[in-house]
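Per-entry structural report
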Amino acid sequence: MFITNDIRYIGVNDHEVDLFEGQYIVPNGMSYNSYAILDEKIAIMDTVDIHFTEQWLANIAAVLEGKEPDYLVVHHMEPDHSANIANFLKAYPKATVVSSAKAFGMMQNFFGEDFAERRLVVGEGDTLPLGKHTLTFVTAPMVHWPEVIVSYDAYDKVLFSADGFGKFGALDAEEDWACEARRYFIGIVGKYGAQVQALLKKAAGLDIAVICPLHGPVLTENLGYYIGLYDTWSAYRPEEEGILIAYASVYGNTKAAAELLAERLEAKGAKKVVLTDLARSDMAENVEDAFRYSKLVLASTTYNGDVFPYMSTFLHALTERNYQNRTVAFVENGSWAPMAAKVMAAALEKSKHITFAQNKVTVLSALSDTSRAQIEALAEELA
């Protein structure tokens, strides 16, 4: 596949993977992207997952048509992108590996050697002339590993963005970009918003026409849309005005309270209300929605003096990713000692810029006139 006249796509699609990184459901698979820049000097941009070694090497051979590559540029050392470094160097013994100093330390850990005789260490502002094309390197520490670099080709105005601007899903899958890119970003990169903001500031000085990520489609049109979403996500700003009600229920009474709240919010004109059962839905998608919308209602049964385990997992996932700049409300249930609201509030006490709703709902086993009135008051406040 041609990206430009001189840049070709040589990556692979993976439809065998069930859980990406051992935790993220990927019903439409994954792509592991790699690129070739064909110039006076030839650069291969990143490798692919170890399960696709032969296919990837065949893709390289097909675009090189008998030529030898001069460089392998490694932007990121996660194994889905770096697993075939040693295999590439065996296939092309004259090639040089180009990467950051930290990446070569990681190569020692992964492969038992750091390729000291065949390496070129690059850092901020360093360049790699290929002929018409010259790659300029930009460091991107903790986006989302410490060794990450990105590179920019001014000739074709192409940004090779490592894991930035990636998404779940193979390239032959028809699906909305934003949904799976959001779930990917919040789940994998979400903790490192400040570092993404720093990289976006660097990228703002570049004239970018094409973004080549390591996962997902090459982006060539309406780049302001994608960059704008990344700015919103990494700044932890709500993407939409809306209310996510996330509940964890044992016997259905907390669920009934959550459903009644959703009904009353919609009746009062709330713009968007999303209801999710934490025990029966994709946790990564729930976390994505919590970051997507401006308000969050946490509804949980009290369980062993704490909250129901699925709620505990959800709260940990939010705080681990620096959840902030939102309004949060609580619905708790308890038959003799309701504690859930206190526990949930404590879990968020170190989160920045969280506004707690003034109204709280306490269900004592099942809905009553009192708890229904509290739901009505909370709906009025949130809507």
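The preceding data block contains the structure.
The sections below set out a description of the structure shown in this document. (Residues numbered from 1 in each chain as written. Predicted model: local features only at pLDDT ≥ 70, side-chain atom pairs only at ≥ 80, totals over all residues. Heavy atoms only, no water.)

**Considerations on the overall build of the protein chain**
Broken down by element type, the protein chain carries 12 helices and 22 strands. Summarising its shape, the C-alpha atoms of the protein chain cover approximately 80 × 40 × 35 Å along the three principal directions. Counting all 383 residues of the protein chain, 56% fall into the buried class. Restricting the contact set of the protein chain to residue pairs at least 6 apart, pairs at least 24 apart contribute 70%. Counting every atom, the protein chain has about 16,400 Å² of accessible surface; 50% of that belongs to carbon and sulfur. When the 32 positive and 51 negative side-chain charges of the protein chain are each reduced to one mean point, those points stand 5 Å apart. (Helix = DSSP H or I, 4+ residues; strand = E, 2+ residues; numbered from the N terminus. Buried < 20%, exposed > 50% of the residue type's maximum accessible area, 1.4 Å probe, protein only. Contact = heavy atoms within 4.5 Å. Areas by Shrake-Rupley, 256 points an atom, 1.4 Å probe, with all protein chains shown as cover. Lys, Arg positive; Asp, Glu negative; His and termini not counted. Charge placed at Lys NZ, Arg CZ, Asp CG, Glu CD.)

**Structural notes on the nonpolar core**
Counting 95 residues, the largest nonpolar core has Leu298 and Phe314 as its most contacted members. Leave out the neighbours within four places in its chain, and Leu298 touches Ala246, Met311, Phe314, Leu315, Val328, Ala329, Phe330, Val331, Met344 and Leu348. With 22 residues, the next largest nonpolar core counts Ala258, Leu260, Leu265 and Ile375 among its residues. (Core = buried A, V, L, I, M, F, W, Y, C linked by side-chain atoms within 4.5 Å.)

**Focus: helix H5 (residues 177-189)**
In terms of residue burial, H5 counts as a mostly covered element, since 12 of its 13 residues are buried. Among the residues of H5, those classed as buried are Trp177, Ala178, Glu180, Ala181, Arg182, Arg183, Tyr184, Phe185, Ile186, Gly187, Ile188 and Val189. The N-cap residue of H5 is Asp176: its side-chain oxygen and the backbone nitrogen of Ala178 are 3.3 Å apart. (Polar contact = N/O pair within 3.5 Å; in protein donor to acceptor, adjacent residues only side chain to side chain.)

**Digging into the sheet that holds strand S8 (residues 71-73)**
Strands sit in the order S1-S6-S7-S8-S9-S10 across an open sheet of six strands; the sheet is mixed. With partners counted over all chains shown, the strands left at the sheet margins are strand S1 (7-9) and strand S10 (119-121), one partner each. On average, adjacent strands in this sheet sit at an angle of 20° to one another, irrespective of strand direction. Of the strand pairs in this sheet, strand S6 (residues 35-37) and strand S7 (residues 43-45) are connected by three bridges, and their pairing is antiparallel. Across the sheet, residue Tyr35 finds its bridge partner in S7, namely Met45. (Pairing = 2+ DSSP bridges. Axes fitted to C-alpha atoms, helices over the stretch in contact; angles between N-to-C directions.)

**Here's the deal with the packing of aromatic side chains**
Tallying each qualifying case throughout the model produces 22 aromatic pairs. For the ring pair Tyr24 and Phe168, a centre distance of 5.6 Å and an interplane angle of 35° mean the geometry is tilted. Of the two residues, Tyr24 sits in strand S4 (residues 24-25) while Phe168 sits in the loop between strand S14 (158-160) and H5, which places them 144 residues apart along the sequence. By the burial criterion, Tyr24 is buried, and Phe168 matches it. Between Tyr32 and Phe52, the aromatic rings sit 5.9 Å apart at their centres with planes inclined by 50°, giving tilted as the arrangement. You can see Tyr32 sitting in strand S5 (residues 30-32) and its partner Phe52 sitting in the loop between S7 and helix H1 (53-64), a full 20 residues away along the chain. For Phe52, a relative accessible area of 12% corresponds to the buried category. Clustering of aromatic rings is evident, with ring pairs tying together Phe165, Trp177, Phe185, Tyr225, Tyr226, Tyr230 and Trp233. (Phe/Tyr/Trp six-rings, centres within 6.5 Å; stacked < 30°, edge-to-face > 60°.)

**Some words on the side chain of His133**
With respect to the helices and strands, the residue His133 is situated in the loop between strand S11 (127-129) and strand S12 (134-139). Among the polar contacts made by the side chain of His133, one reaches the side chain of Asp6 at a distance of 2.7 Å. Among the polar contacts made by the side chain of His133, one reaches the side chain of Asp153 at a distance of 2.8 Å. With residues near it in sequence (within four places) discarded, His133 still touches Asp6, Ile37, Asp39, Leu128, Asp153, Tyr155 and Asp156.

**Considerations on the pairing of strand S20 (residues 326-333)**
Counting buried residues along S20, seven of its eight residues qualify, which places the element largely inside the surrounding structure. Sheet topology places strand S18 (residues 293-303) next to S20; seven bridges connect them, and they run parallel. Looking at the pairing, Lys295 lines up with Thr327 of S20. Relative to strand S21 (residues 354-356), S20 runs parallel, the two sharing three bridges. Of the residues in S21, the one forming a bridge with Arg326 is Ile354. As judged from the three bridges shared by S20 and strand S22 (residues 361-363), these two strands associate in the parallel manner. Its bridge partner lying in S22, Asn333 is registered against Val363.

**Some remarks on the side chain of Ser371**
Mapped onto the elements, Ser371 comes out in helix H12 (residues 369-382). In this structure the side chain of Ser371 is engaged in a polar contact, spanning 2.8 Å, whose partner is the backbone nitrogen of Ser368. Among residues more than four places away in sequence, those in contact with Ser371 are Val361, Thr362, Val363 and Ala366.

**Some words on the sheet that holds strand S13 (residues 149-153)**
Here we have five strands laid out as an open sheet, ordered S11-S12-S13-S14-S15, and mixed in their pairing. The open sheet has two edge strands with one neighbour each: S11 and strand S15 (210-212). Strand-to-strand, the axes of this sheet are offset by a mean angle of 20°, without reference to chain direction. Here S13 runs beside S14; their pairing, made up of three bridges, is antiparallel. Considered in S14, the bridge of Tyr152 is made with Leu159.

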